[in-house]
Amino acid sequence: SQQGEEDPQALSIQEGENATMNCSYKTSINNLQWYRQNSGRGLVHLILIRSNEREKHSGRLRVTLDTSKKSSSLLITASRAADTASYFCATGANYGGATNKLIFGTGTLLAVQP
Amino acid sequence: DTEVTQTPKHLVMGMTNKKSLKCEQHMGHRAMYWYKQKAKKPPELMFVYSYEKLSINESVPSRFSPECPNSSLLNLHLHALQPEDSALYLCASSQGRAFGQETQYFGPGTRLLVL
């Protein structure tokens, strides 16, 4: 089964509002990553947060990580129409005794209305 | 150069055709990946190459055959595909030191339609 489950599945907001999406995962992690995907395109890495970090910022993005609850959230502040995309969390998964692959969550589809 | 390129952008093929997808990166990365993504689903890992050697095959059917001719190139050879193989095929690369934990850089994908 997939490592990460995200909610909401879809989110529609007005430009200028904040968007929050959540990711829950199942096993212990070394880090958690967030990626964005514009419709039908490749994924773009947004931010990586390590397991010993609780919060990280990058521009209008704020990511939190709660390893005790096995959850993370991505906050996009002052959203723009250009933020319309699917957002995926990704965590490392074991293969052959090492953390050798990324497993992507189910994704949140964000629509920002102008 | 932080770009991963993929060709072709779109591909339509019949079930008896043989075609290849190509991926290239010039970031000096030593891990390269193929993912398959169906509509409204997350990417699913197919193969991982590390230092030009196949490290992970996620039980992918043999009609998909990966190849890594050198550290910059990754191919996916397609033969006798089924309509359910229609999807977006994404290539990615990363530094290669700990590829389950590294930032991955994705290409724009090849949209494949099997008729």
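Let me sum up the structure you'll find in this document. Here the structure is a predicted model, which means the values were calculated and not measured. (Residues numbered from 1 in each chain as written. Chains lettered and ligands numbered in written order. Predicted model: local features only at pLDDT ≥ 70, side-chain atom pairs only at ≥ 80, totals over all residues. Heavy atoms only, no water.)

1. Focus: the interface of chain A and chain B
Each partner contributes to the interface: chain A provides 22 residues, whereas chain B provides 22 residues. Carbon and sulfur atoms make up 53% of the surface buried where chain A meets chain B, a total of about 1800 Å² over both sides. For the pair chain A and chain B, the number of links is 1 salt bridge. Between Glu58(B) and Lys101(A) there is a salt bridge, and its shortest N-O distance comes to 2.5 Å. (Contact = heavy atoms within 4.5 Å. Buried area = accessible area lost by both parts, 1.4 Å probe. Salt bridge = Lys/Arg side-chain N within 4 Å of Asp/Glu carboxyl O.)

2. A word on the state of the cysteines
Residue and element names in this part refer to chain A. Evaluated as defined, the whole model comprises 2 disulfides over all chains. Disulfide pairing places Cys 23 opposite Cys 89 at an S-S distance of 2.1 Å. Because the sign of the S-S torsion sets the handedness, a value of about 70° for the bond joining Cys 23 and Cys 89 places this disulfide among the right-handed ones. Note that Cys 23 is positioned in strand S3 (residues 19-25) and Cys 89 in strand S9 (residues 85-95), a separation of 66 residues in sequence. (Disulfide = S-S within 2.5 Å. Helix = DSSP H or I, 4+ residues; strand = E, 2+ residues; numbered from the N terminus.)

3. Quick word on the packing of aromatic side chains
To describe a pair of aromatic rings, you give the distance between the ring centres and the angle between the ring planes. The tally for this structure, following the rule as stated, stands at 8 aromatic pairs over all chains. Measuring from ring centre to ring centre gives 5.5 Å for Tyr35(A) and Phe104(A), while their planes differ by 65°; the resulting arrangement is edge-to-face. Of the two residues, Tyr35(A) sits in strand S4 (residues 31-37) while Phe104(A) sits in strand S10 (residues 98-104), which places them 69 residues apart along the sequence. Each of the two residues, Tyr35(A) as well as Phe104(A), counts as buried. A ring pair is formed by Tyr35(A) and Phe106(B), whose centres lie 5.8 Å apart and whose planes are at 80°; its orientation type is edge-to-face. (Phe/Tyr/Trp six-rings, centres within 6.5 Å; stacked < 30°, edge-to-face > 60°. Buried < 20%, exposed > 50% of the residue type's maximum accessible area, 1.4 Å probe, protein only.)

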